[in-house]
Amino acid sequence: QLVLTTLDTHGTIADTRALTIPGTSQPAASADAQIIVLGALNSLDSRQMIKYDAHETLSHVLTPEGAHIALEGSHEARVWAALPAKGDGEPVTPAQLKTLVGDETAKIGQGRAFKNGWIAKEGNGLVKSKPAIEDTTQVELRQVDSTGTLPSGDKGLAELRKRKLIVQKKGQWFTVHKGPEFSTSTAKPETDLTVDMLTSGQWKTSKFKKYNFEAEGIYPNGGALHPLLKVREEMRNIFLEMGFAEMPTSSFVESGFWCFDALFVPQQHPAREMQDTFYLSDPVKSLHPPKDYYERVSKVHEHGGYGSTGYHAPWSDAESHKLLLRTHTTASSANMLYKLAARCRGEQIEGEEYDFGGTSGRVERKEGLEGATDGFRPAKLFSIDRVFRNETMDATHLAEFHQVEGVVADRGLTLADLIGFMRVFFNKMGIKNVRFKPAYNPYTEPSLEIFAFHPMLNKWVEVGNSGMFRPEMLAPMGFPKDVHVHGWGISLERPTMIRLVYGINNIRTLVGHKVPIESVEKAPAVRF
Ligand code: PHE
């Protein structure tokens, strides 16, 4: 405010050292005062209210010893003050002087006091030889302290420097002019454009702070993996440990054919309705699936075959060609199983090389079968990826989530193999207690729901779904008759959420914009 009012009355400030310290009549000449002035100038300059030029000075400040002398007087003055005037009491002996003024002052002060003619010897002692003295050292130091220099000039300063009573110090002073936004008011400019300002029209007259594009942002502490990604990694490791290969699952958009038809899901199944599945409006139609296979699939749906009676409902090409967001990763499994069957027949598929994983262990146990000549090789495949369902969102449901899915293809696999796999898999996740309940899936028979005992909820909770894929699905793909395929699927969110892993009871605290970032940063690294 002082800078602004001074500028207002004088137009410019030639030397900020001439400003009077507010509340005193002292000029702001010291280096410390100029540092305060500089702070004010920078703040006003950032708002373009003023412009300033800086000038360097070399000034002097007191050393601790210099400051002591400025306060108490020089050693010689203190020696003089301690002595009696001539003829006015007992002279002071050198030993007495030491106890009066201290060893150092007695030593340094005596010599100088003699040299100045301030004291004299009398008998064994010392007395004042002058009734009054002028302690120039103290006077000069006080001057340096308040002005940073001496009116007598460089010689005196050099002398004080030599005596180590003062040292040189760089300082600054400033010339100040009005800036384009000059005003005597220090009211802060606006930093936000608010709805209120827009509706009231206040924005037209408001002053806004300029953007500072040079300002550094807040450094992030570092990245952190989302809990779901950590659990995904652990699930992936379990699969890899068990000899599974990961399926490609990048196709979030699938056709009705791969998501449902290939899996023998009837075209009239309620899960295919709009309220359960998201369909695409652009493009509306998928590419045509492999022709022969498509024919075999539509035939088994409409008329049956391979020992099945089929659905005996009219087949719709349009339904099959609809594009949708896949509702389960079993769409990808179906696609990979088709490729596996094609590979067995020696067919070339899209020039790509796929890894179909290791054996289930079944081949080695079943004598005679490994010599089969149909080219089939067992496969163990898994995937962990996103699926979409047109669900009403609540504490436990989102419109998109992740499925963890495994499929095993081998000769003569039985339900016992599926249950065995399941037990090993969940055991590795730390879920020791599992139970199975008969269920229904259009593409598996038998089907089993998997339940795990939840120690904190003290009850059995559903954790997954599984089954042996139906011949109506496998035979059109071209698998040999004795090749059986079983599969299971669980959601990634569920075990992550239901306290089995992280102790979260609302899906929204795990996924979405309401997730507190600290909870992600602080989530344990490994849970199984
Ligand atoms: N696709 C099933 C689901 O979405 C899971 C599953 C996969 C069931 C494989 C059986 C076989 O719940």
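Keep in mind it's a predicted model, so treat the numbers as computed, not measured.

Before going further, it helps to examine the overall build of the protein chain. Within the protein chain, the regular secondary structure consists of 19 helices and 14 strands. In the protein chain, which comprises 528 residues, the share counted as buried stands at 31%.

Take the sheet that holds strand β14 (residues 483-491) next. Spatial ordering of the open sheet is given by β6-β9-β10-β14-β13-β12-β11, a layout of seven strands whose pairing is mixed. A strand with exactly one partner marks an edge of an open sheet, and here the two such strands are β6 (245-246) and β11 (434-441). The pairing of strand β12 (residues 444-454) with strand β13 (residues 459-469) spans nine bridges and is classified as antiparallel. Each residue of the ladder has a partner; that of H454, found in β13, is K459. Relative to strand β10 (residues 400-411), helix α14 (residues 330-344) is tilted by about 25°, and along the sheet it contacts β9 (379-388), β10 and β14.

Turning our attention to the site of the ligand. If you check the shell around the ligand, you find H328, T330, E405, N441, T444, N465, S466, G467, G487, W488 and G489 and nothing else. For the shell around the ligand, the elements supplying multiple residues, two or more each, are β13 and β14. The residue makeup of the shell around the ligand, split by class, is one nonpolar, nine polar and one charged.

Attention shifts here to unusual backbone geometry. In this structure, P283 follows D282 across a cis peptide bond, with omega equal to -5°. Mapped onto the fold, P283 is located in the loop between α11 (256-259) and α12 (291-302). Residue E445 is joined to P446 through a cis peptide bond whose omega torsion reads -5°. Tracing the backbone through its elements, the reader meets P446 in strand β12.

Moving on to the packing of helix α5 (residues 94-101) against helix α6 (residues 103-115). The N-to-C vectors of α5 and α6 enclose an angle of 120°; their axes lie 6 Å apart at closest approach. Taken as axis vectors, α5 and α6 run oblique relative to one another. For the pair α5 and α6, the crossing hand works out as right-handed. Of the residues in α6, those touching α5 at L97, K98 and V101 are D103, T105, A106 and G109. Here the residues of the contact of α5 with α6 sort into three nonpolar, two polar and two charged.

Residues three or four positions apart in an α-helix share a direction because the helix packs 3.6 residues into each turn. Relative to the 20 Å expected for 14 residues at 1.5 Å per residue, helix α16 (residues 415-428) spans 20 Å between its end C-alpha atoms, a close match to the ideal helical length. Among the residues of α16, those classed as buried are L418, F421, M422, F425 and F426. What you see down the axis of α16 is that its buried residues fit within an arc of 120°, all on one side. Across α16 from its buried face, at more than 90 degrees, point the exposed residues A416 and V424. As for α16, its buried residues are in contact with α10 (227-241), β10, β11, β12, β13 and β14.

Formed by 57 residues in total, the largest nonpolar core has its most connected members in A262, L263, L337, A409 and V485. Counting residues per element, this core draws most heavily on α14, at seven residues. Residues in contact with V485, not counting those within four places in the same chain, are L337, V407, V408, A409, F469 and L474.

Here we come to the confidence of the model for the protein chain. With 93% of its residues at a pLDDT of at least 70, the protein chain reaches an overall mean of 88. Note that pLDDT drops below 50 for residues 362-371; the model gives that stretch 14 contacts with residues more than four away or on any other chain. The ipTM assigned to the predicted complex is 0.95, against a pTM of 0.60.

With respect to topology, three strands assemble into an open sheet ordered β1-β5-β2, the strand pairing being antiparallel. In this open sheet, the two strands that pair with only one neighbour each are β1 (12-13) and β2 (50-62). Two elements, β1 and strand β5 (residues 166-178), share two bridges in a ladder whose sense is antiparallel. Bridge pairing in β5 links T12 to H177.

What counts as what
- Along each chain, numbering runs from 1 in the same order as the chain's sequence is written.
- Totals for whole chains, interfaces and linings use all residues, but because this is a predicted model, local features are given only for residues with pLDDT of at least 70 and pairs of side-chain atoms are given and counted only at 80 or more.
- The way it works is that DSSP assigns letters per residue, a run of H or I at least four long becomes a helix, a run of E at least two long becomes a strand, and they are numbered from the N terminus.
- Labels follow a simple rule on C-beta atoms placed from the backbone: if 20 or more others lie within 10 Å of a residue's own, it is buried; if 12 or fewer, it is exposed; otherwise it is partly exposed.
- A pair of strands is treated as paired once DSSP finds two or more bridges between them.
- Contacts here follow a simple rule: the backbone-placed C-beta atoms of the two residues must lie within 7 Å.
- A fitted line through C-alpha atoms represents every axis, and for helices the fit uses only the stretch in contact; the resulting angles, taken between N-to-C directions, go from 0 to 180 degrees.
- To decide whether a residue is near a molecule or strand, its C-beta atom is placed from the backbone and checked for lying within 6 Å of it.
- Three classes are used, and their members are as follows: Ala, Val, Leu, Ile, Met, Phe, Trp, Tyr, Cys and Pro are nonpolar, Asp, Glu, Lys and Arg are charged, and the others, Gly among them, are polar.
- Note that the term roughly parallel is reserved for angles under 35 degrees, roughly antiparallel for angles over 145, roughly perpendicular for angles of 65 to 115, and oblique for everything else.
- Take the far helix as your reference; a near helix turned counterclockwise from it by less than a right angle gives a left-handed crossing, and one turned clockwise gives a right-handed crossing.
- The span one expects for a helix is its residue count, reduced by one, times 1.5 Å.
- The directions from the helix axis to the C-beta atoms form the arc being described.
- We define the nonpolar core as any set of buried residues of the types Ala, Val, Leu, Ile, Met, Phe, Trp, Tyr and Cys, connected via C-beta atoms lying within 7 Å of each other.
- Each residue carries a pLDDT score, the predictor's confidence in it, ranging from 0 to 100.

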